[in-house]
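Chain and residue survey
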Amino acid sequence: MTSSSGPVGDPPGIIDAPSPNFDVRIAPPDILVIHYTGMQTAEAALARLRDAKAKVSAHYMIDEDGRIFRLVPEERRAYHAGVSVWKGERDVNSRSIGIELVNPGDEFGYRPFPDAQIDALLTLLSPIRSRWSIPSGNIVGHSDVAPERKIDPDVLFPWKRLAEAGHGLWAEPAPAPGEPIGEGESGAAVFALQAGLTRLGYDCAPSGTFDARTALIVKTFQRHWRPAQVDGIADGETRARLIALLRAGAQG
Ligand SMILES: [Zn+2]
């Protein structure tokens, strides 16, 4: 491993730790996917992301102390998203930059992401977004693109802080009344909810019936944008936040 100055604008001291796990992109990246490593130690995560047999990787891994490791060049396709969909794109790996944040995750002791780690992430996001055209609406978590398989980076990830720094969408509208909509219901309000989730980027084809799939997508939405209530029930506030995010996304 060597320390490198890297492309212009990169934070100093990025540590090169090349992974063999990448191939050729079919498109330039316009999505950014945030992960947690979900392993007991940073060392174990780094070893796995560099193991040819594991066939997994990411472009960057950021340790809890803020050290940034570069594993795959941004112009290459890393193996981080797996079977995924965002805004209809099914080859999310080809279209995205993947960043792993060291955290034991829900299996080994999920804990807050330290400020040093998030500060380092923010120093990385600006130069990445100066090199590639990545709209705020395409800065998402692994759970957002793979809701049936993944929950990372989960509810402790500070999406609000990221948005305040100019990266990603956030909305906190005034508390909105309105009847909760849940599994088993059907009708125009359900159709509108599914259409809104689809427009935001989720794979949630509108049918007008609130089925188990819809509940999963609502829960995934809440994990990112309403972390105080992750229950799969679209109450008034969940729906108000969705509408506010769509408005924010439409403005770029
Ligand atoms: Zn992940």
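Before reading on, note that the structure itself is shown above.
These lines cover the structure that appears in this document, whether it is placed above or below.

What counts, and at which threshold
- Residues numbered from 1 in each chain as written.
- Predicted model: local features only at pLDDT ≥ 70, side-chain atom pairs only at ≥ 80, totals over all residues.
- Heavy atoms only, no water.
- Axes fitted to C-alpha atoms, helices over the stretch in contact; angles between N-to-C directions.
- Helix = DSSP H or I, 4+ residues; strand = E, 2+ residues; numbered from the N terminus.
- Parallel < 35°, antiparallel > 145°, perpendicular 65-115°, else oblique.
- Left-handed = near helix turned anticlockwise from the far one by under 90°.
- Contact = heavy atoms within 4.5 Å.
- Nonpolar A, V, L, I, M, F, W, Y, C, P; charged D, E, K, R; others polar.
- 1 Å grid on protein atoms, 1.4 Å probe; cavity = no way out; pocket = protein on both sides within 12 Å on 5 of 7 lines; lining within 4 Å.
- Points joined across faces, edges and corners; volume = space filled by probe spheres on them.
- Polar contact = N/O pair within 3.5 Å; in protein donor to acceptor, adjacent residues only side chain to side chain.
- Core = buried A, V, L, I, M, F, W, Y, C linked by side-chain atoms within 4.5 Å.
- Buried < 20%, exposed > 50% of the residue type's maximum accessible area, 1.4 Å probe, protein only.

1. A short note on the packing of helix α7 (residues 188-200) against helix α9 (residues 236-250)
At a minimum axis separation of 10 Å, α7 and α9 run at an interaxial angle of 40°. The orientation of α7 with respect to α9, classified from their angle, is oblique. Note that α7 runs across α9; the crossing there is left-handed. Across the interface between the two elements, Leu193, Gly196, Leu197, Arg199 and Leu200 of α7 pack against Arg239, Leu242, Leu245 and Leu246 of α9. Across the contact of α7 with α9, the residue classes break down as six nonpolar, one polar and two charged.

2. Some thoughts on empty space enclosed by the protein
Counted by the stated rule, this structure contains one cavity of 30 Å³ or more. Taken as a whole, the largest cavity holds about 40 Å³ of empty space. Surrounding the largest cavity, Gly141, Ser143, Asp144, Pro153, Asp154, Trp159, Arg223 and His224 form its lining. In the lining of the largest cavity, the residues fall into two nonpolar, three polar and three charged.

3. What to know about the side chain of Gln222
Tracing the sequence through the fold places Gln222 in helix α8 (residues 212-225). A polar side-chain atom of Gln222 sits 2.9 Å from the main-chain amide nitrogen of Gly232. Look past the residues within four positions of Gln222 in its chain and what remains in contact with it is Pro227, Gln229, Val230, Asp231, Gly232, Ile233 and Thr238.

4. Topic: the nonpolar core
If you look at the biggest cluster of nonpolar residues, it comprises 27 residues, and the most contacted ones within it are Leu197, Leu200, Tyr202, Phe210 and Phe221. Contributing elements (two or more residues each) for this core: β4 (31-36), α7, α8 and α9. For this core, the element with the highest residue contribution is α8, accounting for five residues. What Tyr202 contacts, discounting residues up to four positions off in sequence, is Trp86, Asp144, Leu197, Ile217, Thr220, Phe221, His224 and Trp225. Counting residues in hydrophobic clusters, the runner-up holds 23 residues, among them Tyr60, Ile68, Ile97 and Ile134.

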